[in-house]
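Commentary on secondary and tertiary structure
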Amino acid sequence: MKQLGLLPKILIAIVLGIGIGSISPIWVVEGLATFSGLFGNFLGFAIPLIIIGFIAPGIGELGKGAGRLLGVTTGVAYLSTILAGVLAYLVSTSIFPHILEIGGLVNQYANPEKALVKPFFTVDMPPIVGVMTALLLAFTLGLGATVIKGNALQNVMVDLRDIVEKLIASVIIPLLPLHILSVFSNLTYGGQVTMILSVFVKVFVMIIVLHLFYLFVQYLVAGQMGRKNPFTLLKNMLPAYFTAIGTQSSAATIPVTLNQTKKNGVSEKIADFVVPLCATIHLSGSTITLVSCSMAVMMLNGMTASFETMFPFILMLGVTMIAAPGVPGGAVMAALGLMESMLGFTTTLTSLMIALYIAQDSFGTACNVTGDGAIAVITDRLSEEKAA
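Residues numbered from 1 in each chain as written. Predicted model: local features only at pLDDT ≥ 70, side-chain atom pairs only at ≥ 80, totals over all residues. Heavy atoms only, no water.

1. Things to note about the overall build of the chain
When helices and strands are tallied, the chain shows 16 helices and 0 strands. Long-range pairs, those at least 24 residues apart, make up 84% of the contacts in the chain between residues at least 6 apart in sequence. (Helix = DSSP H or I, 4+ residues; strand = E, 2+ residues; numbered from the N terminus. Contact = heavy atoms within 4.5 Å.)

Below, the structure written as structure tokens:
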């Protein structure tokens, strides 16, 4: 099992969870529900630490970058991420009512949570601060580190980030498949899993199509601004796309992305700066996935997914994606706090989000890194440093 990636483990966990929920006595499901409740509470405790540990040093590092070039790249990347989220909202609003049973869980159960088996016991693990307080504290510390002399505060925040990364990589991610198994066994026992699996398939297909469409749009804009053939630009980036599918990591794909970006005629200085930076701050594919999946879960649960609710979430998501940890499923981990505080997600709903997200994480990563090439072309055009 140690040799398997996170996605195969999640898929195995879903299958086992469905099997256990179908044939096991209630005390087995209750035992799994107990673990799931403890893990969910611990995740709630960890969310503010994740927000502070990643956003604060991320802002601090961005603020001490290369001036105008940093500003241009960050602005273009953020705009691209926001537009990706708005596109996902518009398409989801148009398509989901026709392919999903809106309020399906609520129609089946007056309160879907009541259909789930209760744990043997629970242990409260209150977070040190609320999610919004954590966000404000992260912004304050991050911006403060950019204006004060010395690097002591920044070094402390980087050390905190390393600790949180270890927590995610060594505790949360390894236990995540068991958490998903526990949730799906409970959903199966409560008779809700068939509807959820049908949602998985429909949402998965729509998200992949959205990724490809948005890449096409990005390269149309990049080709127009850079006065290059957009189809040639996109074709040159295909090695980066398929490498990202295999590695499931933006960072691991940087060498390939960098090489293909230079083949697209981007000046070496711009490419060397923009590609590694965008591997961290430009997550348009992940944003499309998060917005689409969250809307599917909300609609299934009978929650309101209006533009007034989702647009502030998308704006905050664009900032939070800068801080997404570089591990499989890292983007959804960084976004959990926003889902709970801004969208009202419960532990069960966040578990469904995690499973939905990780099921296509490699495709979201591929969209992210391929889009980095378009950002590089646009930045090259906007920058004072023109290709020779």
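2. A short note on the pattern of salt bridges
According to the stated counting rule, one finds 1 salt bridge in the structure shown. One salt bridge in this structure joins K262 and D272, with 3.0 Å as the shortest N-O distance. Separated by 10 residues along the polypeptide, K262 in helix α10 (residues 254-263) and D272 in helix α11 (residues 268-281) bring together distant segments of the chain. (Salt bridge = Lys/Arg side-chain N within 4 Å of Asp/Glu carboxyl O.)

3. Quick look at the side chain of T188
Along the chain, T188 turns up in helix α6 (residues 152-189). Among the residues examined, T188 registers a relative accessible area of 12% and is labelled buried. Of the polar contacts made by the side chain of T188, one reaches the backbone oxygen of F184; its length is 2.7 Å. (Buried < 20%, exposed > 50% of the residue type's maximum accessible area, 1.4 Å probe, protein only. Polar contact = N/O pair within 3.5 Å; in protein donor to acceptor, adjacent residues only side chain to side chain.)

4. A short note on the packing of aromatic side chains
Scanning all chains against the criterion turns up 7 aromatic pairs. On the numbers, 6.0 Å between centres and 90 degrees between planes, the contact of F204 with F363 is edge-to-face. In this pair, F204 is assigned in helix α7 (residues 193-226) and F363 in helix α16 (residues 361-382), connecting sequence segments 159 residues apart. F204 sits in the partly exposed class, given a relative accessible area of 28%. (Phe/Tyr/Trp six-rings, centres within 6.5 Å; stacked < 30°, edge-to-face > 60°.)

5. A few points about the nonpolar core
Ranked by size, the top nonpolar core spans 83 residues in total, and within it L290, V291, M339 and I354 carry the most contacts. With near-sequence residues (within four places) excluded, I354 lies in contact with L43, L176, I180, V332, M333 and L336. By size, the runner-up hydrophobic cluster in this structure holds 21 residues, among which are A222, L233, A240 and V275. (Core = buried A, V, L, I, M, F, W, Y, C linked by side-chain atoms within 4.5 Å.)

6. As for a nonpolar patch on the surface
There is a patch of nonpolar side chains on the surface, built from I26, W27, F120, F121, V123 and Y189 and spanning about 630 Å² of accessible area. Assignment of secondary structure puts I26 in helix α2 (residues 26-63). Exposure remark for I26: the relative accessible area of 39% places this residue in the partly exposed category. (Patch = residues over 30% accessible without salt bridge, like charges linked within 9 Å, V, L, I, M, F, W, Y side chains within 5 Å. Areas by Shrake-Rupley, 256 points an atom, 1.4 Å probe, with all protein chains shown as cover.)

7. So, the environment of A88
Of note, A88 is situated in helix α3 (residues 68-99). Given the relative accessible area of 0%, A88 is considered buried. Sequence separation between A88 and Y214 is 126 residues; the distance between their C-alpha atoms is 9.6 Å.

8. Re the packing of helix α12 (residues 284-300) against α16
Contact geometry for α12 and α16: axes closest at 6 Å, N-to-C directions at 140 degrees. In terms of axis orientation, α12 runs oblique to α16. Seen from α12, the contacting residues are S284, G285 and S286; seen from α16, they are G364, C367 and N368. (Axes fitted to C-alpha atoms, helices over the stretch in contact; angles between N-to-C directions. Parallel < 35°, antiparallel > 145°, perpendicular 65-115°, else oblique.)

9. What to know about the packing of α12 against helix α13 (residues 307-320)
Remark: α12 packs on α13, axes separated minimally by 11 Å, with the N-to-C direction vectors making an angle of 150 degrees. Handedness of the crossing formed by α12 with α13: right-handed. Packed against α12, whose contacting residues are T287, L290, V291, S294, M295 and M298, the element α13 presents T309, M310, F313, I314 and L317 at the interface. Per-class residue counts for the contact of α12 with α13 are 8 nonpolar, 3 polar and no charged. (Left-handed = near helix turned anticlockwise from the far one by under 90°. Nonpolar A, V, L, I, M, F, W, Y, C, P; charged D, E, K, R; others polar.)

10. A few points about α12
Compared with the 24 Å implied by 1.5 Å per residue over 17 residues, the 24 Å span of α12 between its first and last C-alpha is a close match. A large share of α12 lies buried, amounting to 17 of its 17 residues. Note on α12: the residue one or two positions beyond its end, G302, has a positive phi of about 75 degrees. (Expected span 1.5 Å × (residues − 1).)

11. Topic: the environment of Q224
By the element assignment, Q224 lies in helix α7. Along the backbone, Q224 and I378 are 154 residues apart, and their C-alpha atoms lie at a distance of 9.2 Å.

12. Structural notes on α16
Here α16 spans 31 Å end to end across 22 residues, near enough to the 32 Å set by a 1.5 Å rise per residue. Most of α16 is tucked away, with 19 of its 22 residues classed as buried.

13. Focus: unusual backbone geometry
The backbone of R227 shows a phi angle near 55 degrees, a positive value even though the residue is not glycine. If you trace the backbone, R227 turns up in the loop between α7 and α8 (230-236).

14. A word on the environment of P119
Within the secondary structure, P119 sits in the loop between α4 (104-108) and α5 (131-147). As a C-alpha pair, P119 and A33 span 86 residues in sequence and 4.8 Å in three-dimensional space. Apart from the residues within four sequence positions on either side, P119 is in contact with E30, A33 and T34.

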